[in-house]
Every structure is written in C-alpha cells, then in structure tokens.
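Report on the structure
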Amino acid sequence: MSDSLRELWLRGIALNPAAPSDVLIRLLDRAAGEAGQLMCEGRDLPAAVIDAALRHPARAIRGHLARNRHIDPALLAPLATDPSGIVRARLAGGPHPRPRWVRPLPDDILVTFMTSQDGGEDGMLTENEIVQELSFSRQIPLSFYRSMAGHGHPGLRERATWRWQSLTPAQREALLHDPDPAVREAAQESSWELVPEAVEAKLPSIGSLSQPFVLGTCALSPALVEQCFADDAVHPLARNRHTPAYALARLARHPEPKVREMVAARPDLEPDLVAELREDRDPDVRMRARLHPFPRTWAEYRAIDRVIGHGPDCTCPITELPTEPSPEWFAACAASEEPVLRRVAASWPGLPTALVETLARDDDEEVRIRLACLHPLAPPHLLLDVFVTRPAHRPHLLTLCNFPRTGRTHLINHPDPEVRSLAAADPTLPQPPVQDSDESVRRAAAANPVLAPEVLEALLPDPRTAEGAAANPSLPVPRMHALLDHSLNSAALPPAAGC
C-alpha cells in the first residue's frame, strides 16, 4: 500500500462526520501522523475525543485542538493552563484559519490568561506574550472589557485603565481612587488622554505610528489642532469626536474631498455646514451629507462609517459595535431610500424577520450580500446566490448554520469547480460526478452519502477518490476500523467485508 493512499484514508476518516469516538480516538495514535492534528483542528468532536486530546502527551495534538473553531471554547478551558506555553498561546490566539466572526472565550478563561503568573512549564513564552496573542485574537467580548473596571482582581482593574476612553466617568473616577496603589498609578498614567494640555505634552514622546491614533481619539489643545492643519495631517481630526467646532468648519471646506466626506455625517456638525455640503461638487460628500439626519448619535455615526466604502467583496472581520444604536434606528435605515443606510440595516444581526425578508429582495446587491453574510435569518436561497456570484464570501458562508445542504443539484454543470464541488455534495443528487476533471469535485462527490457501500469499495483504492470515500458517512464503521488497521500498520488494501 502506498504512503499516499494511506494518508488519503486517514485524512478522509479524520473528517468523516459519521465516524464514532472509538474510530476518531485511534487517529490520535502517533502512527496516524498529521491526520490526528487535522481532526483536532478541523471538525467538531465528540466529548470522549475532546477529553482524550486534552490529556494527550503530544503537544502538537493539544495545540491543534486549541485552534479548533467548531468546539465550544468552554470545553477547552484546561488548555489555558496547559504545561506548554505554545499550547496556551494557540488557545489565546484563536481559531485557525481565523474566521470573519470569532466566538468569544468564556470569562473564566480570559481571567486565567490575564492573571497568569507564568507562561508555561516549557518556558517557550512569557505570560505577557500569551496575553498579547489574546489581545489581537478578537476573542475578548466588549462586555468583558467593560466588566474589568469593577473586577475583584486588581490586575484586571489595572488592565481596564488601558482602555480609558471606553470607561464611564464613574468608572474612571473609581479607578483613580482604587484601593490598590498599582491600579491608581495605572489610572493616573492613562488619564492624560482626555486632558488637552497633557495630550499636547505627551505627543512628542509617542512613536510616529501611534500619533495618528492619538490625534484621532484624544482631546486636543488648540495648539495641536493648528499644528495638524499646518502639517496637512487633518484626517484624524475629521473623525475625532473631541475636535472643536471651529476646526470642523475649516474641515468642512477642506480642498480634499475625502476630508469633507468624513466630516459631512458627523452628528455634531452645524446645520449650515450640512446644507453647504449637500451642494458639494463631490458626489460622495453629497451622499454623506444626505445621511446627516440619521446619525443623531456617535453610535449611529460609527455604524454608518464602518459600512461605507467597503464594496461587495469586503471580508473585514465581523466585530461588535462599541455602542449599538437602537432597534428603531436600524428599522428606519432598512426603510430608507439611501442604499448605504439599507446596507447598515442589513449588517445588524438583530433586524426582525419581516425586514430581513424585505432586504433579501433589495435591488442593491451590497444590501443582499451584507444580509447574507451578517444576519442569522438570511434565507438559504440568498446564501446560495451569494456563494455562486461572490467567491470572496464562500469560506464564511459555508460556516453559517442556515447555509443550504440540499437544493444545489442545478449547479452540477457550473463552470466554476468550487460551485460544482458544492453541488456534488448534495445528498439528493442521483449520480455524484466521481469522474469530474477537478480534484475537489471528485472528493466531494466521493463523500456524498447517497453512494452505496459497494460503490465506495471501488473508490477507496483510487487515489483520485480515496479521501472522499473514506470521508463518506455511509462508510460502515467496521470498514473504517479495517482501513485504520491497515493504514496504521502500513499494510495492503484491506479486503471488503465478505470478500
């Protein structure tokens, strides 16, 4: 038996949705090679297999389990205190490949990471390096950040000071007078962000890469505002909610259209400037000015701002809004004549069913795409349409619970192999195309559960279809064990039952 055929069987069984725990646990054997790692990272797993992988002596097995996006993160809690810092960092870093929406880690795991005093027994990483992985993973929900300011552990209260402007005035005041001296010191060190003179004094010592962030978020002194105009570095001012009114008037008449556009929908813009920008020579500026009645709050402004300019193939991460506008506001957006506002409404997962049904038929393609990718009630036919027409969204769409598993047979002759592969997996397809010219289509066809066991027997010895046949849920469990027996022992092709 060739090594390639052996590896194909192992890979197929590793992803076979009907493989029971006793079959999958055998893949944790060292002789299974990378198939066990593929299984631990690439699929949902029964509780017995998760438990075996959590206790497995091989760091690679535990590390791949830590990156599994299919398993409830709460079940992976033991990995937060794994002996290996590499495994801890894998869990802190989030699933792989990273999806557009990342499921948050439970609070107890977050607390474990953020209060750890070491980076693991192997000394490969420090606790701070692991927390840095966590910080960029998108696994920390905003609710946890908000709760840190009042947490019982002083280390978490200290970390809360690092997000000074997201805190309420009462939280900031409490941290400045915290009983723990380290927390008080951290709060004092962060408080400069909202003091214009302190921002002006600190800016020269801040690295050039961080200066635009400071100018775009912190309270600015008149001298700093003037310096931005003198240096023609006004883009941060256009978004900064602390920018004074006199500066906004100058920005609204700035020669660069992008600057005027960024200012046009601000909720604090004076009516006379709004009227002026509605007559602007640039169409994008006029569009943003037309939207001005809608962003009455900064939360609404941010909701609009993160939709504009992204295009139909945008695959940006799906994240929470720091502050969410009201349901009534989103409903008003859904009924607007402005396509941009309907795109905003389609991006909100709380939109009610009736409005979802309306937007699913919207004339604007970007509205339909955003609805398909971002709303849990988007109709299956819309998900399939977007899959076919917009390849950029395919990886994300396939992760959605509402994505149709049948009704795809009409696509079996589509010129795009990725679309044909989807159709080849439809269990209502009478004859899966196991001889298709494309490898991915053959694999999907061979894994189609409509195939009878005797057909699978003919596909298993063929390298072109072996992996798909081994992944087929119609493959009898005794046959899975037989394939494993011979694969793990590197023997010849096992005979079919009864032969």
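Residues numbered from 1 in each chain as written. Predicted model: local features only at pLDDT ≥ 70, side-chain atom pairs only at ≥ 80, totals over all residues. Heavy atoms only, no water.

Let us now look at the overall build of the protein. Along the protein, the regular secondary structure elements total 32 helices and 0 strands. Projected onto its principal axes, the C-alpha coordinates of the protein cover approximately 90 × 55 × 40 Å. Counting the 499 residues in the protein, one finds 48% classified as buried. Sequence separation of 24 or more characterises 52% of the internal contacts of the protein that already satisfy a separation of 6 or more. Total accessible area computed for the protein in this model is approximately 23,400 Å², and 55% of it derives from carbon and sulfur atoms. Across the protein, 52 positive and 66 negative side-chain charges occur, with their mean positions spaced 2 Å apart. (Helix = DSSP H or I, 4+ residues; strand = E, 2+ residues; numbered from the N terminus. Buried < 20%, exposed > 50% of the residue type's maximum accessible area, 1.4 Å probe, protein only. Contact = heavy atoms within 4.5 Å. Areas by Shrake-Rupley, 256 points an atom, 1.4 Å probe, with all protein chains shown as cover. Lys, Arg positive; Asp, Glu negative; His and termini not counted. Charge placed at Lys NZ, Arg CZ, Asp CG, Glu CD.)

Turning to the packing of helix α3 (residues 34–42) against helix α5 (residues 59–66), a few remarks are in order. The interhelical angle for the contact between α3 and α5, taken along N-to-C directions, is 25°, at an axis separation of 7 Å. Here α3 lies roughly parallel to α5, going by the angle between them. When the axes of α3 and α5 are compared, the crossing they make is right-handed. Contacts from G36, Q37, C40 and E41 of α3 reach α5 at A60, I61, H64 and L65. For the contact of α3 with α5, the residue count by class is 4 nonpolar, 3 polar and 1 charged. (Axes fitted to C-alpha atoms, helices over the stretch in contact; angles between N-to-C directions. Parallel < 35°, antiparallel > 145°, perpendicular 65-115°, else oblique. Left-handed = near helix turned anticlockwise from the far one by under 90°. Nonpolar A, V, L, I, M, F, W, Y, C, P; charged D, E, K, R; others polar.)

Leaving glycine aside, a negative phi is the common case for residues, and trans is the common case for peptide bonds. For the peptide bond that leads from H96 to P97, omega is -10°, which places it in the cis range. Within the fold, P97 resides in the loop between α6 (85–93) and α7 (107–114). The phi dihedral of R138 is positive, around 65°, even though this residue is not glycine. Positionally, R138 belongs in the loop between α8 (127–135) and α9 (142–148). Classification of R138 as partly exposed rests on a relative accessible area of 26%. Phi angles above zero are rare outside glycine, and D232 is one such case at about 55°.

The subject of this paragraph is the side chain of N16. Inspection of the secondary structure assignment puts N16 in the loop between α1 (3–14) and α2 (21–26). We classify N16 as buried; its relative accessible area is 0%. One polar contact links the side chain of N16 to the main-chain carbonyl oxygen of N472, over a distance of 2.8 Å. Aside from chain neighbours lying at most four places away, what touches N16 is R43, A470, A471, N472, P473, L475 and M480. (Polar contact = N/O pair within 3.5 Å; in protein donor to acceptor, adjacent residues only side chain to side chain.)

Let's shift gears to the environment of A249. As for its position among the elements, A249 is in helix α17 (residues 245–251). Here A249 falls in the partly exposed class, since its relative accessible area comes to 22%. Distance in space between the C-alpha atoms of A249 and D272 is 9.8 Å, their sequence separation being 23 residues.

Everything listed here is a matter of geometry and, on its own, says nothing about what the molecule does.
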